[in-house]
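Chains, contacts and geometry: an overview
Next come the chains, spelled out residue by residue.
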Amino acid sequence: MSDSAGGGESGGVTGIGQDAEADSEPPQQVPPILPESDCVEVGETTEEGAPPSAKRSRMSEEDQVLVEEPVKIQEEMPAQAADLLQENPTPSPQRTWPLQCEEENQGGEELSVLDKGVAECHQNGDGGHDVPDKEALKPEDEHNGDRSADSPSVGQHLSLDFTQNPQMLTGSWTEYSNFQENYLKGCKWAPDGSCILTNSADNVLRVYNLPPEIYSNNWDLIPEMNPVLRMAEGDTIYDYCWFPKMNSLEPDTCFLASSSRDNPVHVWDAFYGEVRASFRPYNHLDELTAAHSLCFSPDGAQLYCGFDKTVRVFHTERPGRDCEERPTVVKKQGQSGIISCFAFSPCQSVYACGSYSRCAGLYSCQDGTLLALLPTRHHGGLTHLLFSPDGNYLYTGGRKDPEILCWDLRDPGKVVFSLTRNVATNQRIYFDLDQSGRYLLSGNTEGVVSVWDTQTAPPDGNEELLQPQLKFKAHWDCTNGISIHPFMPLLATSSGQRQFPWPGDSEGDSASDTEGGGAVMSQQENQQDNALTLWWAGPLGPPAEENQNQKAAVPEA
């Protein structure tokens, strides 16, 4: 695939898929907008996809008794979901965010209310984290019609509910069983919530559409998910990210970027799975070098790439090798190490860089000037960063580090509170915040997902350990990825890790195999769980509550 990237340098990123909307329906459209019959997967790939198979149980009956895993919902519907489906809203005029030429953007475009409302964000310590009043005054049909990243979220109607364990809806398991130890390396919802992107050990990026059956009255009929796109990289994938203004109703905006070892940064078309363009970073010896981390700027105009002691900034409209170099170490002072992760502040022109030197730095988006260097508190290299929606707090996590630290950026260097999770692996363990910034979720190496309520932390108290509000078993193996849907109470989790042979698994010990050795082998096999899973984390409707009450009344009778 890297050979075809050279042809994309001469043209812009929007060269492919401009007429796709006229030829066929976009494959990643949100089900409530179009009838279920129109949701046709046009993104066929050269590989033969795995045939649809019934959802299989990954736990025995005895295990289900030992572990209180959420059961699937049968013939239930989320609260208010039926009302949303019956409204049949008229889609509002879509904003145009393609990467057009400068001539088409001379008139400028007015920022949306959500873009302007970032200054009205509330602090994590405040109660409620309400959406700005201007957003609440928008017509309801506009809330449901515009699924872009800048549209108001449907989460205003269906909020997250962690008073009970999330319910498993469906997932993808067969897709990752054809390749030995094909463990996943994270999952990320598209900015418009129409599809989800995964990365796995076979160096293939997969795109899954949101199952339309989620909007039906019987969730027990949701089949196992199958990818609509497969994009194969040439080597180990270091990082990947969505274009932040991605909107399925505008094919020009549907693309993502990925970086892999010994390859340039590829821009993939999310409709056809082809390489649109490539960004080629070169070192001081004029040798092609791979980016260790990627992140688009919030407006999508720039692509930030992390290297050893350097950040390179490419203009999204101009693929190729031209870029701006921003060293993170100047005169032996600054942030050393490989830049491993990025995060952009939603309210200020500031971005954060995490490095494998166990520290994080804050930089200006205009010229890359170092604004602050946070103290080294982590035991391992940083692997993930997240800003709070108000931009006042920064969450950092590292590899083989049990702590997620919350930094107060109004007083750089101050840790407000810390969250603990079991991380016994070098791989990247993602965590995610909901749109309000109240709930932070993260998995661990034991497959348990923890949910913390950041509002329970004292606003002006000393640093303390914040206890999770809820824990639930999501997978048998390491839960390395978690992503919260942009506007629905849906969670996506990914699992798996590299399995190392146990001492009793070698061929020399096969002749003297004992009961203990067999037990160790079976234990290792049971722990392998390479899967993508969707969870419902919203309130249940009245029918669901009635069914639960009836089931609870049976033993009493």
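Everything numeric here is computed off the predicted structure, so don't read it as measured data.

Moving on: the overall build of the chain. From N to C terminus, the chain includes eight helices and 31 strands. In the chain, which comprises 557 residues, the share counted as buried stands at 54%. Counting only carbon and sulfur atoms, one obtains 47% of the accessible surface of the chain, whose full area is about 24900 Å².

So, about the sheet that holds strand β20 (residues 382–387). Read across the sheet, five strands follow the order β20-β21-β22-β23-β27 without closing on themselves; strand pairing throughout is mixed. The open sheet is flanked by β20 and β27 (464–465), the only strands paired with a single partner. Direction of pairing for β20 relative to strand β21 (residues 393–398): antiparallel, over a ladder of five bridges. Looking across to β21, one finds that leucine 385 is bridged to threonine 396.

The next subject is the packing of aromatic side chains. Summed over the entire model, instances satisfying the criterion amount to 13 aromatic pairs. Between phenylalanine 271 and tyrosine 272, the ring centres sit 6.3 Å apart and the planes meet at 50 degrees, which makes this aromatic pair tilted. The class of phenylalanine 271 is buried, set by a relative accessible area of 2%. Tyrosine 272 sits in the partly exposed class, given a relative accessible area of 32%.

Moving on, we get to the side chain of glutamate 233. Structurally, glutamate 233 is set in the loop between β5 (229–232) and β6 (237–242). It is arginine 280 that comes nearest to the buried, bridge-free glutamate 233 among opposite-charge side chains, at 11 Å. Looking at glutamate 233, its side chain comes within polar contact range of the side chain of serine 260, at 3.1 Å. With residues up to four places along the chain from it excluded, the contact list for glutamate 233 reads Asn203, Ser258, Ser260, His266 and Trp268.

The subject of this paragraph is the sheet that holds strand β7 (residues 255–260). Within a beta sheet, neighbouring strands are joined by backbone hydrogen bonds and run either parallel or antiparallel to one another. An order of β6-β7-β8-β9 is seen for the four strands of this open sheet, with the pairing classed as antiparallel. Sheet topology places β6 and β9 (275–279) at the edges, where each strand pairs with a single neighbour. Within this sheet the neighbouring strands show an average axis-to-axis angle of 20 degrees, counted without direction. In this structure, strand β8 (residues 265–269) lies alongside β9, joined through four bridges in antiparallel fashion. Within β9, the residue paired with histidine 266 across the bridge is serine 278.

On to the environment of leucine 229. Along the chain, leucine 229 falls in strand β5. Residues leucine 229 and valine 204, 25 residues apart in the sequence, show an inter-C-alpha distance of 9.7 Å.

Mapped onto the elements of the fold, aspartate 390 is located in the loop between β20 and β21. With no salt bridge to any partner, buried aspartate 390 finds its closest opposite charge in arginine 410, at an N-O distance of 6.4 Å. Within the structure, aspartate 390 has its side chain in polar contact with the side chain of serine 388 (distance 2.5 Å). Of note is the side chain of aspartate 390, whose polar atom sits 3.0 Å from the backbone nitrogen of asparagine 392.

This brings us to unusual backbone geometry. Its identity as a non-glycine residue notwithstanding, aspartate 286 has a phi of 60 degrees, on the positive side. Mapped onto the fold, aspartate 286 is located in the loop between β9 and β10 (293–296).

Turning our attention to the nonpolar core. Grouped together as the largest cluster of nonpolar side chains are 22 residues, with contacts concentrated most on Ile214, Leu490, Leu532 and Trp536. Elements supplying a minimum of two residues to this core: β2 (184–189), β30 (490–495) and β31 (532–536). Sequence-distant contacts of leucine 532, defined by excluding residues within four places in its chain, comprise Thr170, Gly171, Ser172, Leu184, Cys187, Ile196, Thr198, Tyr208, Met225, Ala492 and Thr493. Cys195, Val228, Met231 and Phe271 belong to the second-largest nonpolar core, a separate cluster that totals 19 residues.

With that settled, the discussion passes to the pairing of β2. The element β2 is largely enclosed, with a buried count of five among its six residues. Two elements, β2 and strand β3 (residues 195–200), share four bridges in a ladder whose sense is antiparallel. Residue pairing in the sheet places lysine 188 in a bridge with leucine 197 of β3. Counting the residues in the hairpin turn of β2 and β3 gives five residues, including glycine 193, whose phi is positive at 75 degrees.

Turning our eyes to something else, we now look at the environment of alanine 232. Note on placement: alanine 232 falls in strand β5. Counting along the chain gives 41 residues from alanine 232 to glycine 273, while the straight-line C-alpha distance between them is 9.1 Å.

We now examine the pairing of β20. The element β20 is extensively covered by neighbouring structure, given that six of its six residues are classed as buried. Hairpin connection from β20 to β21: five residues lie between these consecutive antiparallel strands, with glycine 391 at a positive phi of about 80 degrees.

How each quantity is defined
Residues numbered from 1 in each chain as written. Predicted model: local features only at pLDDT ≥ 70, side-chain atom pairs only at ≥ 80, totals over all residues. Heavy atoms only, no water. Helix = DSSP H or I, 4+ residues; strand = E, 2+ residues; numbered from the N terminus. Buried < 20%, exposed > 50% of the residue type's maximum accessible area, 1.4 Å probe, protein only. Areas by Shrake-Rupley, 256 points an atom, 1.4 Å probe, with all protein chains shown as cover. Pairing = 2+ DSSP bridges. Phe/Tyr/Trp six-rings, centres within 6.5 Å; stacked < 30°, edge-to-face > 60°. Lys, Arg positive; Asp, Glu negative; His and termini not counted. Salt bridge = Lys/Arg side-chain N within 4 Å of Asp/Glu carboxyl O. Polar contact = N/O pair within 3.5 Å; in protein donor to acceptor, adjacent residues only side chain to side chain. Contact = heavy atoms within 4.5 Å. Axes fitted to C-alpha atoms, helices over the stretch in contact; angles between N-to-C directions. Core = buried A, V, L, I, M, F, W, Y, C linked by side-chain atoms within 4.5 Å.

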